[in-house]
Amino acid sequence: MLSQAETIGFGFLLSLLRVSLHASPYLLIGFLTAGALRTLAGSDRWRALFEGGRWPAPLKAWLAAMLLPVCSLGVLPILRELRRAGVTTPAILTFAIAAPTLNPLSLSYGASYLGPRVLAILMLGTFVVSAGAGIALGYFSPEDRGRGEAAADGEESAAPAPGSSRIAAAVANAAAAASGPALGDIAAGILGAGFVAAIVSPSFLSSATFAGDRMAIPAMALAAPLSYLTPEQGMVIVPEMIKFRQSAGAMVVLMILGVGMSLGHVTWIRREYGRRIAGTWLLLVAIPTLGFAAIADRLLPPVGTANEDNDHFDLLSNPFSGHHGPSDLARAARRIVSRAGAANVAAAGLLILLSGVGFAMRNPPLRERLKSIGGPSRTGRVEDAPALWNRPLPAWLAPATMLAGVPAIVAAGFLAYFPSPADAFRDMAIIKADFYGELGSPSPDASLYHLDLWDRQAGRLEVGAWIRLTSPGPEASRRVRELKEGLGSLRSDLEQGRSDLARRRFPEIQDRLERCRIAFQVR
């Protein structure tokens, strides 16, 4: 058996690996977005997009944040690019919290599993904290209000010339960002998350955040700010917290401080704006978060059954047990890589490659050559363009491309909200087991909560099949109606306090679910 110090040390190393793999896709998106921001338009255009007084600029930033799928680490390269472009400080610091929390794909997942009331409270909390902190910062720091900050590198970038290789320029700028100062802030975020995970035991948050516990919100506030969770991971944990009767206020703290920020935020803001603004911003984020969390505890009555035997906080805790030996380190690392998935591993490889290109670009001759790609034309003439990607691009192409990305995000969110029939039946099998386990509870609230989840998943079966170009057929439609009617009968039994009748009716509903699964040809 290892000592406590050895367990913490090995857990720290494994946590660094886990966070790095989970963050890689978002970091790749962040660096590529930063490269595109610099290449597709000049600084004046991005500055104009977020311009406004104390109120309009943060509100615009909050709305823009909902279009970009990034995490609390992936947003850092974008913040640096917005700063370089001269976007106002309140707008940037609003975007810093809102973008990771309001990930469009995670919002679709949340709408599917949380229900409108819980999701609305989480979105309202994000708005109050992120936009409120940005607006208040304009009052506390008037010299930063209503004007763009000077570019960090002291340069103003014009829009690229119409015949430039803009794709190559975007990749070159992304590579430069992936090997620049943002790496230090990202490393700080990863190290902070690894340290917190190494010292937090798996049972600490599970036992300290139950509804009614006065220490639930403070306990989450101690662990969440330096931890790391992707937006999707946060949206997965929240339904589990509801299921195990944990504090709604702790959920708010988890999403805003755990998903929305990292230690990298603090190091970047301190370096770019100084200690005073960094300290002011931290207070403007922390105090409203704790206040709104206390309100959320009153707005959302607890459901579910309190049970410390749960594992939904494992991503925030030490992945290495003291019962392991040093020889188990490699096995634990392989398990982390396997759970991260091939897509995350591939994203990590691409990220390393992008950073390597960025460091190679520091060679002076190569740097000068790449700086000329995508830069303004010295003669004002459009260069000859023998290659397809080097042809003149019309002025409307960049905004049109951005607008085209909105339907793509909506489509991806639609696919997440309406899962495939196979995924829906897998989820319903879990929900069914949870529902039956709660039937013996004194209060029907937990059973009704799981029944709502079950009914929503059943209602999405047909649309989930249609949008994947599969016709469910009349038999499948009939089976869905039968299942929903049965779920309605269960609801009626529970609302009338007849849980014994609901228990007797349950096998019949199981049979209807099975016939529905067969009708959708799901194995």
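Participant: Please set out the confidence of the model for the protein chain residue by residue, giving values where relevant.
Facilitator: Taken as a whole, the protein chain shows an average pLDDT of 84; of its residues, 85% reach a score of 70 or greater. A low-confidence stretch, residues 145-157 (pLDDT under 50), is modelled with 29 contacts involving residues beyond four sequence positions or located in other chains.

Participant: Break down empty space enclosed by the protein for me, with residues and values.
Facilitator: Taken as a whole, this structure holds two cavities of 30 Å³ or more when the rule is applied. Put simply, the largest cavity is a space of about 50 Å³. Every residue lining the largest cavity is listed: Thr 101, Leu 102, Leu 107, Leu 119, Leu 122, Met 123, Thr 126, Met 235 and Met 255. Take the lining of the largest cavity: its biggest share by element is four residues, from helix α7 (residues 116-140). Here the residues of the lining of the largest cavity are counted per class, giving seven nonpolar, two polar and no charged. Of the volumes computed, that of the second largest cavity is approximately 40 Å³. Of all elements in the fold, only α1 (4-40) and α9 (182-199) reach the threshold of two or more residues within the lining of the second largest cavity. By residue class, the composition of the lining of the second largest cavity is six nonpolar, one polar and one charged.

Participant: Quick rundown of helix α11 (residues 216-223)? Include the residues and the values.
Facilitator: What α11 keeps buried is the set Ala 216, Ile 217, Ala 219, Met 220 and Ala 223. Here the buried residues of α11 occupy an arc of 160° about the axis, which is enough to place them on one side. Looking at the buried positions of α11, the neighbouring elements they touch are α9, α10 (202-208), α12 (231-243), α13 (248-259) and α15 (275-299).

Participant: Talk me through the pattern of salt bridges; I want residue IDs and the actual numbers.
Facilitator: Evaluation of the coordinates by the stated rule reveals 21 salt bridges. Salt-bridge contacts for Arg 426 lead to Asp 423; the nearest nitrogen and oxygen are separated by 3.1 Å. Highlighted residues: Arg 426 and Asp 423, both in helix α20 (residues 421-438), separated by three residues, approximately one helical turn. Several salt bridges converge on common partners, so that one network encompasses Arg 83, Asp 185, Arg 271 and Glu 272.

Participant: Give a description of the side chain of Glu 81 that names residues and reports values.
Facilitator: Within the secondary structure layout, Glu 81 lies in helix α4 (residues 75-85). Engagement of the side chain of Glu 81 in a polar contact is seen with the side chain of Arg 84, the distance being 2.7 Å. Excluding residues within four positions of it along the chain, Glu 81 makes contact with Ala 34, Leu 37 and Arg 38.

Participant: Kindly report on the nonpolar core, identifying the contributing residues and their values.
Facilitator: Core analysis: the largest hydrophobic core is formed by 122 residues, its most contacted members being Phe 31, Leu 73, Leu 93, Phe 95, Met 220, Trp 454 and Phe 520. Of the residues forming this core, the biggest block, ten residues, is contributed by α13. In this structure, Phe 31 is in contact with Pro 77, Ala 174, Ala 177, Ala 178, Ala 182, Leu 183, Ile 186, Leu 351 and Leu 354, ignoring residues within four places of it in sequence. One finds Leu 2, Leu 14, Ala 332 and Ile 336 within the second-largest nonpolar core, a separate group that totals eight residues.

Participant: I'd like a rundown of the packing of α1 against α4, residues and numbers included.
Facilitator: For any two helices packed against each other, one specifies the inter-axial angle together with the distance between the axes. Viewed as axis vectors pointing N to C, α1 and α4 meet at an angle of 20°, and their least axial separation amounts to 8 Å. Taken together, α1 and α4 sit at an angle that is classed as roughly parallel. Between α1 and α4 lies a crossing whose hand is right-handed. Residue-level contacts link Gly 30, Phe 31, Thr 33, Ala 34, Leu 37 and Arg 38 of α1 to Pro 77, Ile 78, Glu 81, Leu 82 and Arg 84 of α4. For the contact of α1 with α4, the residue count by class is six nonpolar, two polar and three charged.

Criteria and thresholds
Residues numbered from 1 in each chain as written. Predicted model: local features only at pLDDT ≥ 70, side-chain atom pairs only at ≥ 80, totals over all residues. Heavy atoms only, no water. pLDDT = per-residue confidence, 0-100. Contact = heavy atoms within 4.5 Å. 1 Å grid on protein atoms, 1.4 Å probe; cavity = no way out; pocket = protein on both sides within 12 Å on 5 of 7 lines; lining within 4 Å. Points joined across faces, edges and corners; volume = space filled by probe spheres on them. Helix = DSSP H or I, 4+ residues; strand = E, 2+ residues; numbered from the N terminus. Nonpolar A, V, L, I, M, F, W, Y, C, P; charged D, E, K, R; others polar. Buried < 20%, exposed > 50% of the residue type's maximum accessible area, 1.4 Å probe, protein only. Arc of directions from axis to C-beta. Salt bridge = Lys/Arg side-chain N within 4 Å of Asp/Glu carboxyl O. Polar contact = N/O pair within 3.5 Å; in protein donor to acceptor, adjacent residues only side chain to side chain. Core = buried A, V, L, I, M, F, W, Y, C linked by side-chain atoms within 4.5 Å. Axes fitted to C-alpha atoms, helices over the stretch in contact; angles between N-to-C directions. Parallel < 35°, antiparallel > 145°, perpendicular 65-115°, else oblique. Left-handed = near helix turned anticlockwise from the far one by under 90°.

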